[in-house]
Structures are given as C-alpha cells and as structure tokens.
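# Report on the structure
In case you want the letters, here they are:
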Amino acid sequence: MEAIIIYFTGTGNTRFLANKIKAKLDDNSYHTITYSIDSESKPISLDKYDLIIFSYPIYAFNMPIIFDKYVKKLKFPANKKYLIAKQSGEPLALNNSSSYSLIKKIQKSKGDYLGEYHFLLPYNIHFRYVDNFVKELLNYDEKLLDILVYELTHGIKLKFRKNYLYALNSFIFKIQRLGGPLNSYFYKVDYNKCIHCNKCMNNCPTKSIDLINNKYKFKSTCIMCMRCSFSCPKDAIKIGMLQKWKVNGEYNFQEIIINPYIKGDFLKDHKSVFYNLFPKKLNEIDKKYRKYFKK
Ligand SMILES: Cc1cc2nc3c(=O)[nH]c(=O)nc-3n(C[C@H](O)[C@H](O)[C@H](O)COP(=O)(O)O)c2cc1C
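For the rest of this paragraph, the subject is the overall build of the chain. When its secondary structure is counted, the chain shows ten helices and nine strands. In terms of overall size, the chain behaves like a compact globule, its C-alpha atoms giving a radius of gyration of 19 Å where 295 residues would be expected to give roughly 19 Å. Counting only C-alpha atoms, the chain reaches 60 × 45 × 40 Å along its principal axes. Residue burial in the chain is summarised as follows: out of 295 residues, 35% are buried. Long-range contacts, defined as pairs at least 24 residues apart, comprise 78% of the intrachain contacts of the chain with a sequence gap of at least 6.

Close to the ligand lie 23 residues, the nearest being G10, N13, T14, P57 and S88. Put simply, the parts of the chain that give the shell around the ligand at least two residues each are α1 (13-26) and β4 (81-88). Of the residues in the shell around the ligand, the class split is twelve nonpolar, ten polar and one charged.

Burial analysis of strand β1 (residues 2-7) places five of its six residues in the buried class, the great majority of the element. Here β1 pairs with strand β2 (residues 31-36) via six bridges, running parallel. If you follow Y7 over to β2, its bridge partner there is S36. Of the crossover connections in this fold, the one passing from β1 over α1 to the parallel β2 is right-handed.

Under the domain assignment used here, the chain contains domain 1 (2-172 + 274-289) and domain 2 (177-245). A separation of 27 Å is found between the C-alpha centroids of domain 1 and domain 2. Taken together, the contacts link ten residues of domain 1 with eleven residues of domain 2. Taken together, the residues of the side of domain 1 that touches domain 2 break down into four nonpolar, five polar and one charged.

Moving on, we get to the nonpolar core. Ranked by internal contacts, the top residues of the largest apolar core, which has 65 residues, are I53, A85 and I237. In terms of residues, this core owes the most to one element, helix α4 (residues 131-153), which gives eight residues. Each of domain 1 (2-172 + 274-289) and domain 2 (177-245) accounts for three or more of the residues forming this core. Look past the residues within four positions of I237 in its chain and what remains in contact with it is Y187, V189, C200, C228, S229 and C232.

Tracing the backbone through its elements, the reader meets N19 in helix α1. Overall, N19 belongs to the partly exposed group, with 14 C-beta atoms counted inside 10 Å. In this structure, the C-alpha to C-alpha distance between N19 and K263, residues 244 residues apart in sequence, is 23 Å.

One non-glycine residue, S29, lies in the positive phi region at around 60°. Residue S29 is classed as exposed on the basis of its 8 C-beta neighbours within 10 Å. Positive phi is not limited to glycine here, since K110 has a value of about 65°. Along the polypeptide, K110 turns up in the loop between α3 (100-108) and β5 (112-120). K110 sits in the exposed class, given 12 other C-beta atoms within 10 Å.

Analysis parameters
- Residues numbered from 1 in each chain as written.
- Predicted model: local features only at pLDDT ≥ 70, side-chain atom pairs only at ≥ 80, totals over all residues.
- Helix = DSSP H or I, 4+ residues; strand = E, 2+ residues; numbered from the N terminus.
- Rg over C-alpha atoms; globule rule 2.2 N^0.38 Å.
- Buried ≥ 20, exposed ≤ 12 C-beta atoms within 10 Å, placed from the backbone.
- Contact = placed C-beta atoms within 7 Å.
- Near = placed C-beta within 6 Å.
- Nonpolar A, V, L, I, M, F, W, Y, C, P; charged D, E, K, R; others polar.
- Pairing = 2+ DSSP bridges.
- Right-handed = clockwise from strand over helix to strand, strands pointing away.
- Domains from an automatic or database assignment.
- Core = buried A, V, L, I, M, F, W, Y, C linked by C-beta atoms within 7 Å.

This is the structure in structure tokens:
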C-alpha cells in the first residue's frame, strides 16, 4: 500500500509528527513518503497513492493559508483513502473547523474520508512549554498514533459532524491571515546580535525575506509561521506586534523523549484555566486506547 503525508510546517512540529506517522505506517505494511510544501510547491499527482494524509499546524482556528492554497490546487482522486492529522498547542474543540473546507473537498471528490486526528505539540508562539509538559503531550500523541493506525487497519471511520458555531469562529479568526502581511512591516533584526548567517532568509517558506545593503527586509508575503525568529541561532529577530508572544529555539523532542529525568507528569501539579483544557481530551485518548489495546 502506498501512502503520502502532505504537510506544511512552520517550526518543525508538523515535520516531527509526519515522520512519526510515516514510521508507524511503514511498520504496518505501508510504504509512505512525506511531502513538505512551501509557497513554491507545485501540485503533485495523488493517483498512485492508496492513502493520502494531510497534516498542518492550526493557526487561530484555521489552516495556514499556505496549506489551504496548496490543497485547493490539488486534484483529489476518487476512491482513495483520506485522513487528516492536524496539530496544535491546545486541544480546544473550536480548532475542529480548521479542516472543514478540506473535508468538503475530499467528500466532493468521492474520496473515502476516514476522519481527522488532533495531535498536541508545544506552542511555537505565545509561551514556551516546559519539557515535562512536552513529554506528557508526546506520550499521548504516541497513543493517538496507535489509535489512528488501529482504526485505519480495522476499517473504522470517524464521523464528520459539522458545527456551525465553530465554523463561524474560524471565519472570524481568518482575520489573522491579514496579520502576517501587516505585522511584517514591524519585524526588526537586532544587528548587535545578528551574525548574517542568512538562515532566516534561506529557510523562509514564502521567500518573504530579502537581503538589501546587508539589511534584512521582511515582505508582506509573510504568513507568521515563526520559522525565521524561532530558528535564529542568535535570537536576533523581533516579531513586531507579537514580540511579547515570541518563543525562540526549537524543542528537542528526541532528547525529551529519551531523558528519564523528564517524567511527563506536568498536568497533575498544574491547574489553571489554560491547563484545565487538557485532561478532557487526554482522557478521551486514554479511553479509546484502553478499548483497543487492553490485554
Ligand atoms: C500564527 C500562529 C497562530 C497559532 N494559533 C494557534 C491556535 O489557535 N491554537 C493552538 O493551539 N495553537 C496555535 N498556534 C501554535 C501552533 O499550532 C503549534 O505550536 C504548532 O505545533 C506549530 O507547528 P509547526 O512547528 O509545524 O509550525 C499558532 C501558531 C502560530 C505561528
């Protein structure tokens, strides 16, 4: 069976997830390729794949505009299996509507829509998650991945229930898509820190950074994916109006996973309006996991 995972990542979390899914599928008699898109990616043919997976980070209850535009250009062959593996920092059900347009397109093409899975990975904006919390989320992602593969291989499809309130919320928050172009005017580089490694410019997925007279210029094609500031080795990029929400420096997932001193038991000691959002979703994963895998 041939599978493809088409994904967009700003700061690497979706790539991490896509590689995890690939490894798990390959262990389950699939041959899987991952395909990362940027603003220059041309539509590819999906004809030779039995299973097509779409994966993206959620931006303000929506799919990133770059991913939305790309999937709109694709031709979805009928009678193929399709599923969505989206991910974000928190588990709000309001995030569900980020995929509505994609699901509609799959259904319209007479594709076999299997469902969507919402993985949790740390925030790359707003505030940094501590390693103990990241590990707890990664442990649940591992279970959700087992559930995904179990349901896929046992022909279990997830029902799609549209919620019009969520859809309205996503529509309102689409306004954030204007945020990138607008905020790009306020991006600044601290040249006392910058070492002109060009990492920001070379890695920008929308080619929104130019070097003119040895100064970086940020263009209005910015989608606020945070890749430039997040991966700047000198933390030299100021992200305009969102500076207070800036998170710098990649999460080292492999180190977090193998480090036995990181327990992954963060939530038991952290109760607040924000952290109380998590247990419901994590308990649902636990419940399903026990149902499928209890021995
Ligand atoms: C512009 C922007 C908006 C975001 N909005 C949300 C959001 O509404 N809800 C959420 O849980 N996470 C939100 N996030 C966090 C990302 O979804 C999360 O950190 C994700 O793992 C990043 O994936 P990536 O590394 O593949 O880009 C947002 C991130 C960015 C950059």
